[in-house]
There are 2 protein chains.
Amino acid sequence: MTKEEVIKEYRVREILDAARRVMARYGMQGTTVDRVAEEAKVAKGTIYLYFDTKDELVNAAVIEGLREMAAEVLASDDPSKPPLERIRRLILAQFRIQSSNQDFLKTLIIGNSLDIELESQPGREFMRVYAGHLDFVASVLQDAIDHGAIRRIDPQFAAFMLGEMLTGSLRRRLLKLASSPLESDAEAVVELFLKGIATIPCD
Amino acid sequence: MTKEEVIKEYRVREILDAARRVMARYGMQGTTVDRVAEEAKVAKGTIYLYFDTKDELVNAAVIEGLREMAAEVLASDDPSKPPLERIRRLILAQFRIQSSNQDFLKTLIIGNSLDIELESQPGREFMRVYAGHLDFVASVLQDAIDHGAIRRIDPQFAAFMLGEMLTGSLRRRLLKLASSPLESDAEAVVELFLKGIATIPCD
DNA sequence: GCATAGACTGACTGTACGTTCATTTGACTG
DNA sequence: CAGTCAAATGAACGTACAGTCAGTCTATGC
């Protein structure tokens, strides 16, 4: 690798890291080329020596971030462990990696889906609607617990996870990771969720 | 209610519906006041008679959309059914309601987290990283199936849902719906996921 | 049928921000 | 040390878009 290529790679890395820090701090909406340039301690023009457009820069920053995290998960795997232990470690590793990338992930997960600050009038209203819905689902679960129909589990936690599976099913369709109709996932989610929390999960 | 109030409510509803249609079609980024005005067949200025800022408009449109969906879920509930059946119906109802609001939800779930078109160079690259990761997790699950350690389940589906639970845990913290450290969720997810798919889920 | 209020309009303004490019810097060469 | 050239700079430009407001339209009351 020539000297120029080393410098180029160093600059690119520096700019991408800066972009990710800016995204974490200001959210997707608030990420401007000026801010990235300031954070990377280079002039605005310099960024355009390495990236054609702002979009290209932001996309590269996000994809590179995900790539690094995926690589870290892969590196944590030990195929020689017994299968269940391997899955357990896989989950724990992902948790660890996620939490050390919290700020970055935040912009992908909430920050920009709505560009809402949690501590603001609309943010609180949004959360009131959402929390109300979760409370309702949790109350149905609590009712089932009281009837001994499912095992004792934190109903708020379970309600939230159920919601994640439901929106996840839709997301999976939208990402074209599954082409069967949405309805056919319903039974699969029921099965996964219920067998996970039912008192008598054995057939 | 006076005549003026009726007209006002009608206008507000009309504008909010238009905003949601624009959001669905152009994504959060591409939602401009001009487009909403055109879609609602009113002048730009009219929108500012009912909403102080664009942010207020967008927030109202999103929150109203969520509110309507939450109300629909609530209306579908029948507390007289047995608990497990009630949960089952709850899940199915949410699936139904989600799919009839697909376009709207899309902007909240993916469209704008990254403002990426799925069918584009960066979109494909993004998906390649993500799909690669899912393939890896699925292969671990497949391995466990082959060893008879977990029950037969679509490994791609399970891998995706596991990922949803993991990012869900983070999202739950970020939304301030749980304050305990992220790590303490790890065991709960392991439990929910494994007991859901393990061959021998009974203690 | 005229007057008045206020709902509605859309051309206009200000600005934030992505992108460009003429100029400067500084590392390397002979 | 002078000459060369790519890398870097940041002022300037163009555009898209949120927000404004002077003017028009329409309904209601007299």
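Residues numbered from 1 in each chain as written. Chains lettered and ligands numbered in written order. Predicted model: local features only at pLDDT ≥ 70, side-chain atom pairs only at ≥ 80, totals over all residues. Heavy atoms only, no water.

**What about the confidence of the model for chain A?**
For chain A, per-residue confidence averages 81 on the pLDDT scale, and residues scoring 70 or more make up 89% of the total. When the criterion is pLDDT under 50, residues 199-203 of chain A qualifies, and its contacts beyond four places in sequence or with other chains add up to 10 contacts. (pLDDT = per-residue confidence, 0-100. Contact = heavy atoms within 4.5 Å.)

**Overview of the protein's contact with DNA strand C**
Around DNA strand C sit 16 residues, and of these Lys44 and Lys54 of chain A together with Arg11, Thr46 and Tyr50 of chain B come closest. Counting only the atoms of DNA strand C that lie within 4 Å of the protein, the sugar and phosphate share comes to 61%. Between DNA strand C and Tyr48 of chain A, the relevant distance is 2.9 Å, taken from a phosphate oxygen to a side-chain nitrogen or oxygen of the residue. Between a phosphate oxygen of DNA strand C and a main-chain N or O atom of Ala43 of chain B, the distance comes to 2.9 Å. Those elements that provide at least two residues to the surface near DNA strand C are α3 (44-50) of chain A together with α3 (44-50) of chain B. When residues in the surface near DNA strand C are grouped by element, the largest group, five residues, is from α3 of chain B. Residues of the surface near DNA strand C, tallied by class, amount to six nonpolar, five polar and five charged. (Near = heavy atom within 4 Å. Polar contact = N/O pair within 3.5 Å; in protein donor to acceptor, adjacent residues only side chain to side chain. Helix = DSSP H or I, 4+ residues; strand = E, 2+ residues; numbered from the N terminus. Nonpolar A, V, L, I, M, F, W, Y, C, P; charged D, E, K, R; others polar.)

**Structural notes on the relation of the copies chain B and chain A**
Mapping chain B onto chain A calls for a screw motion: a turn of 180° about the axis and a shift of 0.0 Å along it, with 0.1 Å RMSD after fitting. In short, the pair behaves as if placed about a two-fold rotation axis. When the interface residues of chain B are mapped onto chain A, 100% of them again lie at the interface, so the same face is used by both copies. (Least-squares fit on C-alpha atoms with pLDDT ≥ 70 in both.)

**Comments concerning the side chain of Glu164 of chain A**
Of note, Glu164 of chain A is situated in helix α8 (residues 155-174). Under the relative-accessibility criterion, Glu164 of chain A is labelled buried at 2%. Residues in contact with Glu164 of chain A, not counting those within four places in the same chain, are Tyr130 of chain A together with Glu164, Gly168 and Arg171 of chain B. (Buried < 20%, exposed > 50% of the residue type's maximum accessible area, 1.4 Å probe, protein only.)

**Here we look at the packing of aromatic side chains**
Taken as a whole, this structure holds one aromatic pair over all chains when the rule is applied. Between the NZ or CZ atom of Arg20 of chain A and the centre of the ring of Phe104 of chain A, over which it lies, the distance is 5.9 Å. Taking NZ or CZ as reference, Arg172 of chain A lies 5.8 Å from the ring centre of Phe160 of chain B, over its face. (Phe/Tyr/Trp six-rings, centres within 6.5 Å; stacked < 30°, edge-to-face > 60°. Lys NZ or Arg CZ within 6 Å of the ring centre and 35° of its normal.)

**Re the interface of chain B and chain A**
Tallying the contact residues gives 91 residues for chain B and 91 residues for chain A. Taking both sides of the interface into account, the surface hidden between chain B and chain A amounts to around 8,900 Å²; carbon and sulfur atoms contribute 76%. Taken together, the connections running from chain B to chain A amount to zero salt bridges. For the pair chain B and chain A, the number of links is zero residue pairs in polar contact (both at pLDDT 80 or more). (Buried area = accessible area lost by both parts, 1.4 Å probe. Salt bridge = Lys/Arg side-chain N within 4 Å of Asp/Glu carboxyl O.)

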